[in-house]
Each structure stands twice: as C-alpha cells, then as structure tokens.
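Architecture at a glance
Listed below, chain by chain, are the residues.
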Amino acid sequence: MPKDVTDFLTVCLNGVTLAALFFIVASGFTLIFGLLRTTNMAHGSLYVLGAYVGVSIVSATGDWFVGLAAGFVVVALIGIAIHVGLLARMAGQDLRQALVTIGLAIIIADLLLAHYGGIAYQIPPPDFVAGSVQIPWVVGGSYSAYRLFMVVIAVALGGALWLILNRTRIGMYIRAGIDDRDMLSALGVNVSRVFLFVFALGAGLAGLSGVVGATALSITPSEDGFILLTSLVVVIVGGMGSLGGAAIGALIIGLSEQIGLFYAPTYSIFITFVIMAGVLAIRPQGLRGRPA
Amino acid sequence: MTATAARRWGLPLAGVTLLVVYPLILPALFNANQARYWTLSIGSQSLILGIVALSLVFMSGYGGMVSLAQAALAGFAAYAVALASLLPSTNATGATIGLGLPAIPSAIIALVLATLAGALVGAIASRSSGIYFLMLTLALAVGFFYVVLQNYEFFGGHIGFAGIVGPTGQPRQNPIAFYYMCLVVAIGAYLGLRYLVRTQLGLTFQGIRDNPRRMRALGYRVTLHRVAIFALGGFVAGLSGVLGVWYRGNISPGVVDLSRTIDVLIIAVIGGLGYPIGAFVGAFFFLIIDIFASSVKVFGFSFDERFNTLIGLGFVVVVLVAPDGLVGLANRLWLSVARRLGHAPSAPRAVDPLAAEAGVVPVIEIASHDLPGRPEGDTPTPSP
C-alpha cells in the first residue's frame with residue numbers, strides 16, 4: 001500500500017480514537033446542559049479530578065478498572081455535593097450557575113496543582129490492551145491496542161446511555177424533562193431528584209473520561225482548559241443536549257484535529273474553529289440540536 | 001451649582017481628581033521604587049484591566065451578551081501592535097513579519113483590526129443567545145489562544161514577541177507619563193460609552209437587549225446591531241490590549257490564555273456586572289488581592305502560593321452573596337446610611353443582575369432613581 005494512503009488511514013484512525021475520548025468527555029457535559037440548562041464550566045476540572053483519582057487508585061491497587069470505577073464514583077459524589085450545595089439553590093439562573101462553576105474550576109485546578117504538582121502523570125493501561133495490535137494498513141503495521149480499546153469503551157458507553165435514556169423510567173423522565181421540565185413536574189415527577197441524578201451521572205462521566213484520557217494521553221492540572229474547550233466545541237457543533245450530536249461532533253472534531261495536525265500542523269485548531277463557525281452559520285443550534 | 005447637581009457630579013469629580021493626583025502624591029508616601037510600583041503595577045494595570053472589563057460590562061449591560069472573548073480581542077490587538085511595530089525580520093519558519101511602523105500608527109491599525117475581529121466574533125456568535133453565547137465566545141477565545149500557541153509563522157508560537165515600545169517610551173523609565181496615557185484612554189472609553197448609550201443607537205441596543213423579537217418586529221436589524229455592539233466591544237478591548245502590550249513590552253500566548261479570559265470576567269463580577277465604573281473598581285481590588293494574597297492568613301492557612309484558591313473563593317462568595325459586586329454593595333450601604341440620616345425616601349433595593357433570565361444583565365443606573373432627595377420620586381416620602 002502506498003505511503004500516502006497508509007499515512008492518511010493512520011491519521012484517520014488517530015482521529016477516530018481521539019473522537020472516542022471526546023465523545024466520553026462531552027456526553028456528560030451535553031446531558032447536564034440538555035436537562036438542567038446548567039453550563040458546567042467546571043467540566044474540565046472534573047475530568048482532571050477524575051484523572052488524578054485514577055492515578056492514585058491505579059497505583060495503589062494496580063487494577064485499571066478499579067481506577068475507572070473510582071474516577072466515576074468519586075467525581076459523581078463531588079458532583080452531587082456541587083449540585084446540592086450550590087447549583088440547585090440557583091436553579092434557572094444560568095449565568096450565575098456558569099459563574100459559580102467557573103469559580104469552582106479555579107479552586108479545583110489550584111488545589112490539584114498544590115497536591116500533585118505540575119508534573120505529568122500517565123496511568124498504565126490494563127494488561128490485555130497494553131501492547132499493540134497488528135493492522136496492515138497503518139504506518140508501521142501495528143497500532144496501540146489501548147487506543148482501539150477507547151473506541152470500544154465509547155461505543156459501550158454510548159450504548160449504555162442510549163439504553164438508560166430510551167429503555168428505563170428515569171431515562172423517560174430525562175427525555176421528557178429535556179422537552180418540557182414544567183410539564184414533567186406537573187405530572188408528579190420529582191424533577192429535582194431527576195436533576196440530581198443527571199448531574200451526578202454527567203459529573204461521573206467527566207471523572208471516568210479523565211481516567212480514560214489520562215491513560216491514552218497524560219494528565220497535568222492545566223489540562224482542564226483544553227477539555228472544557230473540547231466539550232464546548234463538540235456540543236456546539238453537535239447540538240446541545242443531544243447524545244447523538246455529541247457523537248457526531250466528537251467524530252468531526254477528532255478527525256479534523258488529527259488531519260489538521262498532520263497536514264497543516266500550525267493551523268489544526270484554526271481548522272476546528274472554521275468548522276465550528278461554518279456549522280453555526282448554517283445551523284445555529286448545532287447539527288442535532290433543536291432550535292432554542 | 002445646585003444641591004442636586006452637587007450630588008450628581010460630586011462623586012465623579014472627586015474620583016477623577018483622585019485619579020489625576022494619584023501618581024503625584026505617591027512620592028510623598030513611598031520611596032521612589034515603591035512609588036513607581038504603585039503607579040505602574042497597580043495604577044496603570046488597574047486602568048488597563050479595567051478597560052477590558054469595561055468592554056465586557058458594556059456588552060453585557062447594554063447588549064445583554066456576556067462575552068468571554070474580550071481578553072482574546074485585547075490580545076489580538078496586542079499581537080497586531082507587535083506585528084505592526086516590530087522591525088521586519090525573517091523568522092525560523094521563513095516568513096517575514098513586522099512592518100516597522102511607529103507606535104501610534106501601529107495602535108491605529110491594531111484598533112481597526114480589533115474592531116473588525118470583534119465584528120467577526122459577533123457575526124459568528126450573535127445568532128445564538130443567552131448562555132450559548134457565553135460558551136461560544138469562550139470557545140472562540142480559547143481557540144485564539146491555541147492558534148497563537150501553535151502558530152510560529154505569524155504569532156511567534158509560545159515565545160511570542162518582545163521589544164514593543166509605546167509612545168511614552170519604556171513605562172519603567174517614565175511611569176507617570178504612561179499612567180496618564182492609560183488614564184486618558186480609560187476616561188475617554190468610559191465617557192464615550194456612557195455617552196453612546198444615551199444616543200438613539202444606545203437606546204436601540206437596550207431595546208434589543210430587553211426584547212429582540214419586538215425590536216425585530218419594529219423593523220430593527222437585530223443581528224446587525226449585535227454585530228455593532230461586538231465591534232464596539234472589540235474596539236474598547238483593543239484599547240486595553242494596545243496599552244497592555246506597551247506596558248509589558250512583550251506579548252505571548254500566556255496573555256490570552258483561559259485564566260486571563262476568566263480574570264476579565266472575575267474583575268467585572270467583583271466590581272459589579274451592572275455598573276460600568278465597577279470594571280475599574282474590580283480591577284483595582286483584583287490586583288490588590290493578587291499582590292497581597294501572600295500575606296493573607298485564614299485560620300493559620302496561608303494563601304502564599306494559593307492565590308487562585310483565594311480569588312476563586314472570593315469570586316464564588318461574590319456571586320453568591322453580593323451579585324451586584326462591590327459597587328452595588330457600596331451603593332446599598334450608602335443608601336441605607338442615607339436612610340438612617342433621614343435623607344432617602346425608601347429602603348435600598350438589592351439588585352441582583354445575575355438572577356436575570358438567560359444571562360441578560362441590565363445595567364443599573366446609580367444616579368437616576370435610587371439617590372436620596374430626588375424630587376419626583378415615585379415612592380412616597382415617609383413624613384417624620
């Protein structure tokens with residue numbers, strides 16, 4: 001196979017595996033925004049927090065999946081505390097919620113820097129995906145098994161979220177709440193409990209994605225800005241509150257970033273923003289979003 | 001001068017006088033080094049940060065759009081000044097950059113470009129509204145940071161550019177001239193915006209802020225006006241960026257990173273998002289906290305290296321308990337004191353600009369209807 005073709009296929013594979021991570025990160029953000037109308041500006045910080053929980057737990061237990069679960073649970077609990085302690089008290093005041101989460105993001109980043117320092121950590125992947133897989137059509141003939149495993153995680157997670165949203169009672173409440181919160185409340189559903197569940201789930205997903213991301217890339221306290229940006233761009237392109245939109249947005253952004261990095265290294269972010277502006281010019285609500 | 005006029009103009013005049021004599025009284029209080037520090041690092045920097053925060057307050061107050069792109073627009077202007085004023089040279093990527101223009105033409109080019117960039121951000125962002133707007137402008141701002149960080153060809157990558165000198169020369173050698181330049185620009189921007197919002201155009205802006213659909217039905221071009229607000233916001237932010245690059249003498253991606261973007265928002269909120277003057281009050285207090293955080297101890301916990309935790313906590317507290325910021329707090333305190341003394345007709349209203357729906361923050365006019373002794377007050381004066 002000619003080198004140009006293998007180059008391109010490898011870049012695309014990189015894009016897809018990166019998109020898997022982006023989808024996991026953005027799914028929590030879009031769920032929270034879709035139902036609660038809360039812009040969680042601390043989403044990147046929760047990702048970093050989950051990553052550090054993963055670093056500590058995996059190095060203590062040696063089991064990657066325990067770290068993954070711990071990242072989810074610990075950050076979900078912190079999410080519950082944030083929601084009950086702060087955000088639920090200012091429901092409907094979306095600007096104030098955004099500002100409070102910005103304040104939280106600053107505090108979390110600073111405390112993590114104090115505790116873990118500025119050095120980069122990386123979580124070792126689970127043993128069965130530690131090596132590489134033989135793929136004839138990529139550069140070098142082999143590809144990181146863990147990066148392919150990320151795609152598996154993303155697909156499994158997307159499937160699980162789809163099942164929760166479409167096949168369970170709470171999922172029905174969530175979908176109804178995204179359409180019309182007041183009506184759902186009037187029908188006798190305890191909407192604030194549904195909100196709490198979704199916020200905890202979204203925060204937990206941020207923590208889980210932190211563990212996944214810290215294994216593929218690495219983690220420093222300053223990663224929060226990049227993750228927040230990625231979540232924003234993915235859901236702006238895909239459409240706020242839409243899980244399918246997050247998947248499409250993640251694929252577009254992941255692919256364009258990797259293709260851009262390879263073919264026009266100093267303009268890759270610029271390309272991403274041209275895509276975002278282009279989507280907004282045609283569909284201001286995002287590809288799968290509803291008109292506001 | 002009547003008593004009403006004294007009340008109307010007394011405080012602003014006192015404030016301007018204080019700002020004008022500020023660098024002149026410093027040598028009497030401190031030694032030469034400290035005086036220069038208070039003139040530049042606190043005085044000038046408060047004004048520079050205040051101008052960019054003013055652009056945010058203007059856009060949120062009169063346009064109903066909380067833009068997080070202002071720090072990036074200021075940084076854009078700063079990069080433009082650098083590229084226009086540096087002598088032409090060929091960098092490592094083979095691109096020849098720098099126009100070698102004098103300071104003032106460079107600044108004019110930078111302001112034109114910042115205005116156009118503001119309009120472009122507006123054209124992209126103005127189709128969304130409310131909280132989407134915050135996210136979109138934040139994404140654009142962080143995107144600009146990554147562009148200048150990645151791009152060595154035109155933006156110098158992570159190093160940026162150095163050796164940019166303003167019309168007053170090196171600020172350290174002539175701090176008072178630099179301070180007065182900042183002061184003139186700051187007062188000009190403040191008064192210009194205060195004037196603008198009283199014109200037909202400004203009233204149209206406020207109409208669009210309050211009810212875009214109705215304004216559209218009345219035949220106003222809502223999107224065009226929003227783009228115009230953005231262009232104006234870009235211009236004011238550009239003023240800050242130009243002064244900022246002359247102050248530092250260099251520009252690098254660190255000046256437009258996420259934390260700077262957030263800093264501008266924090267400054268505006270600490271000062272009071274509903275009050276234009278709050279931008280400068282907020283900037284001053286932000287710098288004071290920044291500088292003196294190292295000596296603050298709470299229950300034996302030193303904030304020496306944890307400035308961000310302190311500012312984050314302070315920010316959350318302000319958002320929770322004093323949503324109209326320090327200026328709003330002072331305003332309410334003053335009114336309740338005046339009421340105790342029997343001058344004010346009614347209890348001061350707590351104004352919560354953050355509670356407004358969909359991120360619309362109307363500006364609160366201090367001087368118009370809350371001040372004591374206003375003759376045609378609509379609340380009855382309690383008879384003694």
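Residues numbered from 1 in each chain as written. Chains lettered and ligands numbered in written order. Predicted model: local features only at pLDDT ≥ 70, side-chain atom pairs only at ≥ 80, totals over all residues. Heavy atoms only, no water.

1. Section: the side chain of S27 of chain A
All names here are of chain A. With respect to the secondary-structure elements, S27 resides in helix 1 (residues 3-36). Within the structure, S27 has its side chain in polar contact with the backbone oxygen of I24 (distance 2.9 Å). Excluding residues within four positions of it along the chain, S27 makes contact with L161, L205 and L243. (Helix = DSSP H or I, 4+ residues; strand = E, 2+ residues; numbered from the N terminus. Polar contact = N/O pair within 3.5 Å; in protein donor to acceptor, adjacent residues only side chain to side chain. Contact = heavy atoms within 4.5 Å.)

2. Structural notes on the packing of aromatic side chains
Taken as a whole, this structure holds 26 aromatic pairs over all chains when the rule is applied. Chaining the aromatic ring pairs together yields one cluster made of W64, F65, F128, Y146 and F149 of chain A. (Phe/Tyr/Trp six-rings, centres within 6.5 Å; stacked < 30°, edge-to-face > 60°.)

3. As for the interface of chain B and chain A
Taken together, the contact pairs 45 residues of chain B with 45 residues of chain A. Buried area between chain B and chain A, summed over both chains or domains, comes out near 3800 Å², and the portion from carbon and sulfur atoms is 74%. Counting the surface chain B buries against chain A, the share from its top three residues, Y132, M135 and Q150 of chain B, is 17%. Remark: the boundary between chain B and chain A carries zero salt bridges. If you look at where chain B meets chain A, you find four residue pairs in polar contact (both at pLDDT 80 or more). Where the side of chain B that touches chain A is concerned, the elements lending two or more residues are helix 5 (130-150), helix 10 (258-271) and helix 12 (307-321) of chain B. The element contributing the most residues to the side of chain B that touches chain A is helix 5 of chain B, with 13 residues. Residue composition of the side of chain B that touches chain A, by class: 33 nonpolar, seven polar and five charged. (Buried area = accessible area lost by both parts, 1.4 Å probe. Salt bridge = Lys/Arg side-chain N within 4 Å of Asp/Glu carboxyl O. Nonpolar A, V, L, I, M, F, W, Y, C, P; charged D, E, K, R; others polar.)

4. So, the environment of G117 of chain A
All names here are of chain A. With respect to the helices, strands and loops of the structure, G117 is situated in the loop between helix 4 (94-116) and strand 1 (132-134). When the C-alpha positions of G117 and P221 are compared, they lie 7.9 Å apart, and in sequence the two are 104 residues distant. If sequence neighbours within four positions are ignored, G117 has contacts with Y52, L112 and P221.

5. Describing the confidence of the model for chain A
Looking at chain A, the pLDDT average stands at 89 and 99% of residues meet or exceed 70. Mean pLDDT across the elements of chain A bottoms out in helix 11 (residues 268-282) of chain A (82) and peaks in helix 3 (residues 64-85) of chain A (95). (pLDDT = per-residue confidence, 0-100.)

6. Remarks on the packing of helix 10 (residues 243-263) of chain A against helix 11 of chain A
Residues and elements named next belong to chain A. Contact geometry for helix 10 and helix 11: axes closest at 8 Å, N-to-C directions at 145°. You can see that helix 10 and helix 11 cross each other, and the crossing is right-handed. Contact residues: helix 10 offers I252, I253, S256, E257, G260 and L261, while helix 11 offers S268, I271, T272 and I275. Residue composition of the contact of helix 10 with helix 11, by class: five nonpolar, four polar and one charged. (Axes fitted to C-alpha atoms, helices over the stretch in contact; angles between N-to-C directions. Left-handed = near helix turned anticlockwise from the far one by under 90°.)

7. Remarks on the environment of G239 of chain A
All names here are of chain A. Tracing the chain through its elements places G239 in the loop between helix 9 (223-238) and helix 10. Among the residues examined, G239 registers a relative accessible area of 0% and is labelled buried. Separated by 51 residues in sequence, G239 and R290 have C-alpha atoms that sit 7.3 Å apart. Those residues in contact with G239 that sit more than four places away from it in its chain are T30, Q285, G286, L287, R288 and G289. (Buried < 20%, exposed > 50% of the residue type's maximum accessible area, 1.4 Å probe, protein only.)

8. Thoughts on the nonpolar core
Ranked by internal contacts, the top residues of the largest apolar core, which has 202 residues, are W64, V212 and M276 of chain A together with F58, I164, W246 and I251 of chain B. Excluding residues that lie within four positions of it along the chain, W246 of chain B makes contacts with V81, A103, A107, I164, V165, G166, P167, P171, F178 and M181 of chain B. (Core = buried A, V, L, I, M, F, W, Y, C linked by side-chain atoms within 4.5 Å.)

9. Considering the packing of helix 5 (residues 145-167) of chain A against helix 8 (residues 191-216) of chain A
Residue and element names in this part refer to chain A. Where helix 5 contacts helix 8, the axes come no closer than 10 Å and their chain directions differ by 170°. With respect to their mutual orientation, helix 5 and helix 8 come out roughly antiparallel. Along the contact surface, helix 5 presents Y146, M150, I153, L157 and L161, while helix 8 presents L201, L205, L208, V211, V212, T215 and A216. (Parallel < 35°, antiparallel > 145°, perpendicular 65-115°, else oblique.)

10. Observations concerning the pattern of salt bridges
One side chain can pair with another of opposite charge once the charged atoms of both are near each other. Residue and element names in this part refer to chain B. Evaluation of the coordinates by the stated rule reveals three salt bridges over all chains. The closest approach of N and O atoms between D210 and R209, which form a salt bridge, is 2.9 Å. The exposure class assigned to D210 is exposed, which follows from its relative accessible area of 52%. The closest approach of N and O atoms between R332 and D324, which form a salt bridge, is 2.8 Å. For R332, a relative accessible area of 21% gives the class partly exposed. Of the residues examined, D324 reaches a relative accessible area of 1% and is grouped as buried.

11. Thoughts on helix 5 of chain A
All names here are of chain A. Over its 23 residues, helix 5 extends 32 Å from the first C-alpha to the last, a length consistent with the 33 Å expected when each residue adds 1.5 Å. All of the buried residues along helix 5 are A145, Y146, R147, F149, M150, I153, A154, L157, G158, L161 and L165. One side-chain oxygen at the N-terminal end of helix 5 lies 3.3 Å from the backbone nitrogen of Y146; it belongs to S144. (Expected span 1.5 Å × (residues − 1).)

12. Structural notes on the confidence of the model for chain B
All names here are of chain B. Summarising the model, chain B shows a mean pLDDT of 83, and 84% of its residues fall at 70 or more. Between the elements of chain B, mean pLDDT differs from a low of 40, seen in helix 14 (residues 366-369), to a high of 95, seen in helix 3 (residues 70-85). Across the predicted assembly, pTM comes out at 0.85 and ipTM at 0.85.

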